[in-house]
Amino acid sequence: MATLLYRLGRGAFRWRYLVALLWLAALAVAFLGSQSAGKAPSDSFTMPGIESQKAFDHINEKFPGAAADGADARVVFIAPKGQQITAPDNRAPIDALVAQAAKGSQVAGVESPFEAGAVSKDGSTAFATVTYKVTTDDLTEASKDELRAAVKQAQGTGLTVEVGGSALETDPAGGVGEIVGIGVAAIVLLITFGSLAAAGLSLVTAIIGVFISLMSITALQNVFDLSPSTGELAMMLGVAVAIDYALFVVSRYREERGNGHEPREAAGMAVGTAGTAVVFAGLTVVIALVGLAVVGVPMLTRLGMGAAGAVVIGVLVALTLVPALLGFLPDSVLSRRTRKNRGAGRGAAATGGLGERWARFVLRRPVPVLLVAVAALGAIAIPSLSMRLGMPGDEAKPTSTSERRAYDALATGFGPGFNGPLTLVVDAAGADDPTASVATISKKIAGTRGIVSVSPPQFDEAGTTAVLSATPSTAPTSEKTKELVRDIRDGRPAIESAAGAKFEVTGTTALNIDVGAKMQKALIPYLATIVGLAFLLLLLVFRSVLVPLKAALGYLLSIGAAFGALVTVFQNGHGGGIFGADQPGPIMSILPIFLVGISFGLAMDYQVFMVSRMREAHVHGDSPGQAIVTGFRHSGRIVLAASMIMMSVFAGFMTGAGTMIKMVGFGLAAAVLFDAIIVRMVIVPAVLALLGRRAWWLPRWLDRPLPRVDVEGEALRDRVPPPLRTVPDHPGPRTTHV
């Protein structure tokens, strides 16, 4: 592979104008495709194989006009302090709002609080429910404006009026963190390279790749049902990995130039060595993302595929566009020191430095260093043992939003469980008296401990299917509510036997509980899939059994610590205000399996980049200890810079994104911090020092059939001409062999 990529790097350098034009053409095609695309689908998703989804689909089938997934709005009215909401002066504006809202062309119905009994016991709070015939995505701005006008008119009468539900749900405000993250990345690149051209080249190529990815996703969003979150995740990962991959290729090019190679050969060597590591690092990320398909959640599959596409484009950019642009700036990307040393005929190979000193320190004290690092990660991971999974709703939004204020008002006036009712779907088709059967089930559910009330049933046109709403006494994300759902389902056989009808439990609260349970069951198979495939890939790259095993174990430490940090901030609320966690709550159900996949791919990135350089030094004759020092000398500073870039990009997405992206950004930033800084920079050299030559052990029976990918570029030693000394290096340089 090294030889193939060497030729690719040389070819891209030579045919740089053609390569640049091809990438510009790809950018133009993606742009034109994105301009002709329709509106993006919503982020709502289905979860096959769980009871709540099955019952939800049953509602849509039996009540087609109601559209179980239709938009809704819950308008909450709070009387002035000391007054009753039922007073004539307060009731009049509520009746006016109900009448005005009912006139909307997309409105399916409006329930008056006084007719539906939606008035709190103390008479201070009431709410009206507006349901629509269409989904939130299909709700027109005109319909939204009609509701806003009605609400504004009611607010002018002295009542406090807040709106919850999906109809007027506010989109998360876009933050400036993404720009700040890219800005930090630019500063890190500038410090690392000491060259504006080198830093700019890495950043520009990454941005081009990300733009192509985002516009391609936009162009295909309706074909593959790609939601806006797909683009956000693709941008997050695309920027981070593309900058890192370009960083490694450019840094290797600079090193080869410092060793005396002329520009085209240096570009070929950079792509043939660092580019090989980029390919396998990218493959591990893609495996982790595509592996999300084994979970069986269509939304996660689409998110993974979209992000994997962005990673593939990042790899292609690093292998082709980066060496092509190096052809335009062969000397400008070099540091001033390297240009000066080259002019004097001296190499500028990396020597000394903090990375080498740190490696020698670890080699002298591997046991205490290893114990301290493992103990630190273990301590940070402890809170993950108490992780609670759920799907944060309006209660997790800032108090500046009307949805959050409406949620709090309803919880105060009607009880904490009012915001998360359970929906029961009763199938009485086989009952002699469907009405009596439904009444029996309603009575039994109402008598269940933890249920406050059960609404009157609503029957379908055939009169054989009914829907009831049961209000728990506890909040939607409470563990007691989860136990309540489990108790109802456990007692279902006895209730169905007494009623002669069957029922299922659904609703947002039950759906979130079922999603969490399915995610937990899918986590082990998913983890086994990606770790197994990545182990085989790393076995192929490093030709060692213990190095891939160590990589997997180190990853488990870092992901445990990342989960611990997530629980500490988002669930327990410690420092939540700093990171944008406005209200402590459960960790999103889909986040653990999502974070496991992405962070595993990124962790293997640093494993490949760092250890492949050690492997290269070992293959070329260094002792095991010296190979560690050599790897840190050449790659330590670059890996540190790459991890800082990733952390800044991920952290930037926390400033204005939705809850899921905010948690993903924090989790990925934490995972990179723990894995790149502690695992790869501390634990890896300590373990390799303790293992010595055994680290590179591979059984003979496995060595023979295992194909050689030559990640260390051994084959290039016989193909590449000896280094040249340029005198000086300008267009049309005169060169002499050293």
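Just so we're clear, the structure is a prediction, and the values are computed from it rather than from any experiment.

Engineer: Can you break down the overall build of the chain residue by residue, with the values?
Structural biologist: Along its length, the chain carries 24 helices and 13 strands. In terms of overall dimensions, the chain is globule-like: its C-alpha atoms have a radius of gyration of 30 Å, near the 27 Å expected for 738 residues. Projected onto its principal axes, the C-alpha positions of the chain cover 95 × 50 × 45 Å. Out of the 738 residues in the chain, the part that is buried amounts to 54%. Of all intrachain contacts in the chain linking residues separated by at least 6 positions in sequence, the fraction that spans at least 24 positions is 79%. For the chain, the exposed surface amounts to about 30900 Å²; the carbon and sulfur share of it is 61%. With 63 positive and 56 negative side-chain charges, the chain shows a spacing of 15 Å between the two charge centroids.

Engineer: Run through helix α6 (residues 141-155), naming residues and quoting values.
Structural biologist: Between its terminal C-alpha atoms α6 stretches 21 Å, which fits the 21 Å expected from 15 residues at 1.5 Å a residue. Buried residues of α6: S143, K144, L147, A150, V151 and A154, and no others. Here the buried residues of α6 occupy an arc of 125° about the axis, which is enough to place them on one side. The outward face of α6, more than 90 degrees from its buried face, is lined by the exposed residues K152 and Q153. In this fold, the buried residues of α6 make contact with β1 (72-78), α4 (88-101), β3 (125-132) and β4 (160-165).

Engineer: Outline the pairing of strand β6 (residues 422-427), supporting the account with residue identities and numerical values.
Structural biologist: With respect to burial, β6 is a largely interior element, 5 of its 6 residues being buried. Pairing of β6 with strand β10 (residues 502-506) involves 5 bridges; the strand directions are antiparallel. Residue pairing for β10: L424 is matched across the bridge by V505.

Engineer: Got a sec to walk through the pattern of salt bridges? Specific residues and values, please.
Structural biologist: For the coordinates displayed, the defined rule picks out 21 salt bridges. For the salt bridge of E265 with R10, the shortest nitrogen-to-oxygen distance reads 2.1 Å. With a gap of 255 residues between them, E265 in helix α10 (residues 263-290) and R10 in helix α1 (residues 2-14) connect regions that are remote in the sequence. Each member of the pair, E265 as well as R10, is classed as buried. Notably, a salt bridge pairs E504 with K54, separated by 3.7 Å at the nearest N-O pair. Remark: K54 occurs in helix α3 (residues 51-62) and E504 occurs in strand β10; sequence separation between them is 450 residues. Judged by relative accessible area, which is 18%, E504 ranks as buried. Judged by its relative accessible area of 56%, K54 is exposed. Each of R252, E255, E256, R613 and E616 takes part in salt bridges that share partners, so that together they form one network.

Engineer: Any chance you could break down α10 for me, citing the residues and the numbers?
Structural biologist: The axis of α10 is deflected most strongly, by about 40°, at G275. Most of α10 sits inside the fold, with 24 of its 28 residues counted as buried. Its side-chain oxygen placed 3.1 Å from the backbone nitrogen of R264, E262 serves as the N-cap of α10.

Engineer: Describe the sheet that holds β4, listing the residues and the values that go with them.
Structural biologist: Pairing is antiparallel in the open sheet, where 4 strands are placed in the order β2-β3-β1-β4. Each of the sheet's edge strands pairs with one partner strand only, and the pair in question is β2 (107-111) and β4. The average angle at which neighbouring strand axes cross in this sheet is 20°, direction not considered. Bridging between β2 and β3 involves 4 bridges; their strand directions are antiparallel. Directly across from V110, in β3, lies its bridge partner V130.

Engineer: Talk me through the environment of K152; I want residue IDs and the actual numbers.
Structural biologist: Mapped onto the elements, K152 comes out in helix α6. Residue class for K152 comes out exposed when judged on its relative accessible area of 63%. Remark: the alpha-carbon pair of K152 and P330, spanning 178 residues in sequence, is separated by 63 Å.

Conventions we followed
- Residues numbered from 1 in each chain as written.
- Predicted model: local features only at pLDDT ≥ 70, side-chain atom pairs only at ≥ 80, totals over all residues.
- Heavy atoms only, no water.
- Helix = DSSP H or I, 4+ residues; strand = E, 2+ residues; numbered from the N terminus.
- Rg over C-alpha atoms; globule rule 2.2 N^0.38 Å.
- Buried < 20%, exposed > 50% of the residue type's maximum accessible area, 1.4 Å probe, protein only.
- Contact = heavy atoms within 4.5 Å.
- Areas by Shrake-Rupley, 256 points an atom, 1.4 Å probe, with all protein chains shown as cover.
- Lys, Arg positive; Asp, Glu negative; His and termini not counted.
- Charge placed at Lys NZ, Arg CZ, Asp CG, Glu CD.
- Expected span 1.5 Å × (residues − 1).
- Arc of directions from axis to C-beta.
- Pairing = 2+ DSSP bridges.
- Salt bridge = Lys/Arg side-chain N within 4 Å of Asp/Glu carboxyl O.
- Bend = angle between axes of the 7 residues up to and from the residue.
- Polar contact = N/O pair within 3.5 Å; in protein donor to acceptor, adjacent residues only side chain to side chain.
- Axes fitted to C-alpha atoms, helices over the stretch in contact; angles between N-to-C directions.

Nothing here speaks to function; it is geometry throughout.
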